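Here is how the chains run, residue by residue.
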Amino acid sequence: MNIGTVGVWQGGFGPPADVDRAFAAEVESLGYAAMWFGEAPGGKEAFTRATTLLASTSTLVIATGIASIWGRDPLTTASAIRTVSEAFPGRFVAGLGVSHAPAVEARGARYERPLSRLREYLAAMRGATLGSPDPDVAPTVVLAALGPRMLGLARDASDGAHPYFVTVEHVRRARSLLGPGKLLAPELAVVLEPDATEARRLARSHTGSFYLSAPNYVRALRWLGWDDDDLEGAGSDALVDALVAWGDEEAIAQRVREYLDAGADHVCIQPVTGIRPLLDGPDHAAIEVLRRLAPALTAFGDAESSGIRP
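Structure report, in brief. Counting restarts for each chain: residues are numbered from 1 in the order of the written sequence. Local features in a predicted model are, by the rule used here, given only for residues with pLDDT of at least 70; side-chain atom pairs are given and counted only at 80 or more, and totals for whole chains, interfaces and linings are based on all residues. Side-chain numbers here rest on the full set of heavy atoms in the structure, without hydrogens or water.

**Topic: the packing of helix H1 (residues 17–29) against helix H2 (residues 46–55)**
Each pair of packed helices gets described by two things: the angle between the helix axes and the distance between those axes.
(1) Moving on: Only C-alpha atoms enter the line fits that serve as axes; for helices the fit covers just the stretch in contact. Angles between N-to-C directions range over 0 to 180 degrees. The way it works is that DSSP assigns letters per residue, a run of H or I at least four long becomes a helix, a run of E at least two long becomes a strand, and they are numbered from the N terminus. It is the contact of H1 with H2, at a shortest axis distance of 9 Å, that shows an interaxial angle of 55°. On the basis of the axis angle, H1 is oblique to H2. For the pair H1 and H2, the sense of crossing is right-handed. Within the contact between the two elements, H1 uses Asp20, Arg21 and Ala24 and H2 uses Arg49, Thr52 and Leu53.
(2) Moving on: For this scheme, ten residues count as nonpolar: Ala, Val, Leu, Ile, Met, Phe, Trp, Tyr, Cys and Pro. Four count as charged, namely Asp, Glu, Lys and Arg, and the remainder, Gly too, count as polar. Looking at the contact of H1 with H2 residue by residue, the classes come out as two nonpolar, one polar and three charged. Note that the term roughly parallel is reserved for angles under 35 degrees, roughly antiparallel for angles over 145, roughly perpendicular for angles of 65 to 115, and oblique for everything else. Here a crossing is called left-handed whenever its near helix is offset anticlockwise from the far helix by less than a right angle, and right-handed whenever the offset is clockwise. Contacts between residues were defined by any pair of non-hydrogen atoms, one from each residue, lying within 4.5 Å.

Spelled out as structure tokens, the structure:
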């Protein structure tokens, strides 16, 4: 698997199919190596969507970020990963995770024992009997991991970790816990705006939308040393600046470089604009941000990362 150095992360319920395919095709043409997307309850099903995007592109890696384990049984997930990986060798990353209590409850499930549940789920996947054709390239599976115990599970039972809503310091700690040879692919929100006041206003529309009210993210930030004053509301200036890269093209490229230097193999950027995908629908402004950033970010090139560190 060569996932490259810089990819794109997209949230929301998923746009119409023609818009989705056109977006992925342009992401590929701009030189980004991968496209990650979330899976929200009631939105597009992750593995089906991944297949449609893989079929409409030729080199782009498509990654789920993440597919919830509460939405499908282990055998179905193992079969889906194998099916997509066999059809598109070396171009699919299956990101799996436990999500968050509100999203799990929206599925009609109970959010309990998430770490144990994921450990048991992965063991059941490994033990599943599968009769479909073997993929030419072994499937790549990563976990949405924030805290030390979940990062340990990612190290021991998967190919790596896909942390979301994290700082450079988190990347540093994650690499230390994962060790070498495991893929570390954090998400990084970006605001292409050099004015500090406007940039932080847009950034807070992101940090304050859900994330700083979600216990999993708050626990991870407390683990890094952030306190009540930082976590109040949509976040202190210091926390917002640590979680969201803002500025001009050069400034954002430098922030991506910091994540890579801290131990990330691959950074997937999520443009934050005035459109809120979960509330307003597809963010049509995001592609212009990606166009403007492409020359600076894709210049890092595949030579800087083979996807998984030796």
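Still more to cover.
**Section: the nonpolar core**
(1) Moving on: Among buried residues, the Ala, Val, Leu, Ile, Met, Phe, Trp, Tyr and Cys ones that are joined through side-chain atoms within 4.5 Å form a nonpolar core. To sort residues, take the accessible area from a 1.4 Å probe on protein chains only and compare it with the maximum for the residue type: under 20% means buried, over 50% means exposed, and anything in between is partly exposed. In this structure, Tyr32, Trp36 and Leu96 are the most contacted members of the largest nonpolar core, which totals 102 residues.
(2) Moving on: Among the elements that take part in this core, helix H14 (residues 286–297) stands out by supplying six residues, more than any other.

**A word on unusual backbone geometry**
(1) Moving on: For the peptide bond that leads from Gly65 to Ile66, omega is 10°, which places it in the cis range.
(2) Moving on: For Ile66, the position within the fold is in the loop between strand E3 (61–64) and strand E4 (67–68).
(3) Moving on: Look at Arg113: it is not a glycine, yet its phi comes out positive at around 45°.
(4) Moving on: Since its relative accessible area comes to 47%, Arg113 is described here as partly exposed.

**What about H2?**
(1) Moving on: Among the residues of H2, those classed as buried are Ala46, Phe47, Arg49, Ala50, Leu53 and Leu54. All buried residues of H2 project into a common sector of 160° when viewed along the axis, lining one side.
(2) Moving on: Here a polar contact means two N or O atoms within 3.5 Å. Within protein one must be a hydrogen donor candidate and the other an acceptor candidate, and residues neighboring in sequence count only if both atoms are side-chain atoms. Among the residues of H2, the N-terminal cap falls to Glu45, whose side-chain oxygen and the backbone nitrogen of Phe47 are separated by 3.1 Å. What the arc measures is the spread of directions leading from the helix axis to the C-beta atoms.

**Let's talk about the packing of helix H6 (residues 148–157) against helix H7 (residues 168–178)**
(1) Moving on: Here H6 crosses H7 at 45°, and the two axes come no closer than 9 Å. The pairing of H6 with H7 is recorded here as oblique in orientation. In terms of crossing hand, the pair formed by H6 and H7 is right-handed. Listed contacts from H7 to Pro148, Leu151, Ala154 and Arg155 of H6 are His170, Ala174, Leu177 and Leu178.
(2) Moving on: Across the contact of H6 with H7, the residue classes tally to six nonpolar, one polar and one charged.

**Considering the environment of His284**
(1) Moving on: By secondary structure assignment, the location of His284 is in the loop between helix H13 (277–280) and H14.
(2) Moving on: In this structure the C-alpha to C-alpha distance between His284 and Ala296, which are twelve residues apart in sequence, comes to 21 Å.
(3) Moving on: With sequence-adjacent residues up to four places away left out, His284 is seen in contact with Val19 and Ile275.

**So, the packing of aromatic side chains**
(1) Moving on: Here the aromatic set is Phe, Tyr and Trp, taking the six-membered ring for Trp, and pairing holds for ring centres within 6.5 Å; pairs whose planes are under 30 degrees apart are stacked, those over 60 apart are edge-to-face, and all others are tilted. In the structure shown here, the tally under the stated rule is nine aromatic pairs.
(2) Moving on: Plain terms: the ring middles of Trp70 and Tyr111 are 5.9 Å apart, the flat faces sit at 45° to each other, and that makes the pair tilted. Of this pair, Trp70 sits in the loop between E4 and helix H3 (74–87) while Tyr111 sits in the loop between helix H4 (101–106) and helix H5 (114–127), and the two are 41 residues apart along the sequence.
(3) Moving on: Ring centres 5.3 Å apart and planes at 45° place the aromatic pair Tyr164 and Tyr211 in the tilted group. With Tyr164 in the loop between strand E7 (160–161) and H7 and Tyr211 in the loop between helix H8 (196–207) and helix H9 (215–223), this pair connects stretches of sequence that are 47 residues apart.

**Here's the deal with the pattern of salt bridges**
(1) Moving on: The working definition used for a salt bridge is a side-chain nitrogen of Lys or Arg within 4 Å of a carboxyl oxygen of Asp or Glu. Following the criterion strictly, the structure yields 22 salt bridges and no others.
(2) Moving on: Across the salt bridge formed by Arg257 and Asp261, the nearest N and O atoms sit 3.4 Å from each other. Remark: Asp261 and Arg257 occur in helix H12 (residues 249–261); sequence separation between them is four residues, near one turn of the helix.
(3) Moving on: With a relative accessible area of 58%, Asp261 lands in the exposed category.
(4) Moving on: Via salt bridges that share partners, Glu39, Glu45, Arg72 and Arg107 belong to a single interconnected network.

**As for the environment of Ala50**
(1) Moving on: Following the sequence through the fold, Ala50 ends up in helix H2.
(2) Moving on: Separated by 14 residues in the primary sequence, Ala50 and Trp36 have C-alpha atoms spaced 9.2 Å apart.
(3) Moving on: If sequence neighbours within four positions are ignored, Ala50 has contacts with Phe37, Ile62 and Phe92.

**Observations concerning a nonpolar patch on the surface**
(1) Moving on: A patch is a set of surface residues, each over 30% in relative accessible area and not in a salt bridge, joined within 9 Å for like charges and within 5 Å for the nonpolar side chains Val, Leu, Ile, Met, Phe, Trp and Tyr. In this description, accessible areas are obtained by the Shrake-Rupley approach with a 1.4 Å probe, and a residue is regarded as covered only by the protein chains that are shown. Side chains of Phe13, Leu278 and Leu279 sit close together on the surface and give an oily, nonpolar patch of about 320 Å² of accessible area.
(2) Moving on: Residue placement: Leu278 occurs in helix H13.
(3) Moving on: Classification of Leu278 by relative accessible area gives exposed; the value is 52%.

**Structural notes on H7**
(1) Moving on: Of the residues making up H7, those classed as buried are Val168, His170, Val171, Ala174, Arg175 and Leu178. Looking straight down H7, one finds that the buried residues subtend no more than 150° of arc, so they occupy a single side.
(2) Moving on: Looking at the buried side of H7, the elements it contacts are H6, E7, strand E8 (183–184), H9 and H12.

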